[in-house]
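# Understanding the architecture of this molecule
The primary structure of each chain is shown beneath.
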Amino acid sequence: MLENYNEILKDFENKLDKRVDRLKYEYSIIRAGRANPKMLDKVLVSYYGTMTPLTQMANISVPEARMIVISPWDISMVKEINKSILASDLGVTPTDDGRLIRLVFPALTEDRRKEIVKEVRKLAEETRIAVRNERKEILEILKNAEKDKKMSKDELESGEEDVQKLVNKFNGIIDSICEAKEKEVMEV
């Protein structure tokens, strides 16, 4: 058996874990009827000439299910933050009182929910494709090891089975995460 076979398999599993974590992060940004502070992770604000993530320049809280309150540490940045939120793809108009910014999210329409579900499925499929690409890479490593006589034909077949078991496990995880997000999005 290949000396570092277990390390290679563990590394492969770690890569798949990272793919699933990335999917979870992407899903956390998607709006599903409730306000979520992570929706603001991609909002960048021009802070004295430097594009700065909003999350690094304000406290963000969710006092109600469909409202986010942003309290900037530098009150002079309220107008810039408003401008950045309007320019983002959040689809919400900020209101401010000079000190706080409120984002009130309207209820999602049925059509908008269906669009979001399509996006959710697309992200899941992209993750599955990434998993298949990772599988292709590790199988290439195992085949090269067999070709270089570092493992036998039987060990190669056993390795391919181990890899496929991991791929099936992670595809199941991806499917369940996707289903849960779809259910959350379609919930009225």
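Now for a quick tour of the structure. Keep in mind it's a predicted model, so treat the numbers as computed, not measured. (Residues numbered from 1 in each chain as written. Predicted model: local features only at pLDDT ≥ 70, side-chain atom pairs only at ≥ 80, totals over all residues. Heavy atoms only, no water.)

### Here we look at the overall build of the protein chain
Rules: Strands are runs of DSSP state E lasting at least two residues, helices are runs of H or I lasting at least four, and both sets are numbered from the N terminus onward. To get the radius of gyration, use the C-alpha atoms; to get the globule rule, take the number of residues to the power 0.38 and multiply by 2.2 Å. Think of it in three bands: with a 1.4 Å probe and only protein chains considered, a residue is buried below 20% of the maximum accessible area for its type, exposed above 50%, and partly exposed in between.
From N to C terminus, the protein chain includes four helices and six strands. The C-alpha atoms of the protein chain give a radius of gyration of 23 Å, which is well past the 16 Å a tight globule of 188 residues would have. Viewed in the frame of its principal axes, the protein chain has a C-alpha envelope of about 70 × 40 × 25 Å. Split into buried and exposed, the 188 residues of the protein chain put 39% on the buried side.

### With respect to the layout of surface pockets
Rules: Grid points spaced at 1 Å over the protein atoms alone were grouped into cavities, where a 1.4 Å probe fits but cannot get out, and pockets, open sets with protein on both sides within 12 Å along at least five of seven lines, with lining residues defined by an atom within 4 Å of a point. Grid points are joined across faces, edges and corners, and a volume is the space filled by probe spheres set on the points.
Approximately 500 Å³ is the volume found for the largest pocket. Taken together, 17 residues form the lining of the largest pocket, with Ile29, Ile30, Asp89, Arg112 and Glu119 sitting closest to its centre. Those elements that provide at least two residues to the lining of the largest pocket are helix H1 (5-29) and helix H3 (110-147). In terms of residue count, H3 provides more of the lining of the largest pocket than any other element does, four residues in total.

### Here's the deal with the packing of H1 against H3
Selection criterion: For helices, the fitted axis covers only the stretch in contact; all axes are lines through C-alpha atoms, and the angles between them, taken along N-to-C directions, range from 0 to 180 degrees. Angle categories: roughly parallel below 35 degrees, roughly antiparallel above 145, roughly perpendicular from 65 to 115, and oblique for all the rest. Residue contacts follow a heavy-atom distance rule, with two residues in contact if any of their heavy atoms lie within 4.5 Å. Each residue is assigned to one class: nonpolar for Ala, Val, Leu, Ile, Met, Phe, Trp, Tyr, Cys and Pro, charged for Asp, Glu, Lys and Arg, and polar for all the others, Gly among them.
Across the interface, H1 lies against H3 with an axial gap of 10 Å and an inter-helix angle of 170°. Classed by the angle they form, the pair H1 and H3 counts as roughly antiparallel. In contact with Tyr5, Ile8, Leu9, Phe12, Lys15, Leu16, Arg19, Leu23, Glu26 and Tyr27 of H1, H3 contributes Val120, Leu123, Ala124, Thr127, Ala130, Val131, Glu134, Arg135, Glu137, Ile138, Ile141 and Leu142. Each residue belonging to the contact of H1 with H3 can be placed in one class, and the counts come to 15 nonpolar, one polar and six charged.

### Here we look at the sheet that holds strand S6 (residues 101-104)
Going by this rule: When DSSP finds at least two bridges between two strands, those strands are taken to pair.
Pairing in this open sheet of four strands is antiparallel, and the strands run S3-S4-S6-S5 from one edge to the other. Among the strands making up the open sheet, the edge pair consists of strand S3 (58-64) and strand S5 (95-96). Across five bridges, the pairing between S3 and strand S4 (residues 67-72) is antiparallel. The residue bridging asparagine 59 from the neighbouring strand is serine 71, located in S4. Strands in contact with helix H2 (residues 78-87) are S4, S5 and S6; relative to S6, the strand with the most contacts, it is inclined by about 20°.

### Considerations on the side chain of glutamate 26
Put simply, the rule reads: Pairs of N or O atoms are called polar contacts if they sit within 3.5 Å, as long as, within protein, a hydrogen donor faces a hydrogen acceptor (for residues adjacent in sequence, only side-chain-to-side-chain pairs).
Relative to the elements of secondary structure, glutamate 26 occurs in helix H1. We classify glutamate 26 as buried; its relative accessible area is 15%. At 2.5 Å, the side chain of glutamate 26 and the side chain of arginine 22 are in polar contact. When neighbours within four sequence positions are excluded, glutamate 26 is seen to be in contact with Lys42 and Leu123.

### Side note on the nonpolar core
Nonpolar side chains in soluble globular proteins tend to end up buried together. For clarity, the threshold we go by: Joining through side-chain atoms within 4.5 Å is the link that ties buried Ala, Val, Leu, Ile, Met, Phe, Trp, Tyr and Cys residues into a set, and such a set is a nonpolar core.
One finds Phe12, Tyr27, Leu142 and Val163 to be the most contacted residues of the largest nonpolar core, which totals 30 residues. A per-element tally of this core places H3 first, with 10 residues. Filtering out sequence-adjacent residues up to four positions away, tyrosine 27 remains in contact with Val120, Leu123, Ala124, Ile177, Cys178 and Lys181. Judged by nonpolar contacts, the second largest core, of 19 residues, contains Met39, Leu54, Val78 and Leu103.

### Things to note about the pattern of salt bridges
We apply this condition: Whenever Lys or Arg places a side-chain nitrogen within 4 Å of a carboxyl oxygen from Asp or Glu, that contact is recorded as a salt bridge.
Using the criterion set out here, one finds 16 salt bridges in the structure. In this structure, glutamate 126 and lysine 122 form a salt bridge, with 3.6 Å as the shortest nitrogen-oxygen distance. Residue glutamate 126 and its partner lysine 122 are located together in helix H3, separated by four residues, close to a single helical turn. Between aspartate 175 and arginine 128 there is a salt bridge, and its shortest N-O distance comes to 2.7 Å. Taken as a pair, aspartate 175 in helix H4 (residues 153-186) and arginine 128 in helix H3 lie far apart in primary sequence, 47 residues in all.

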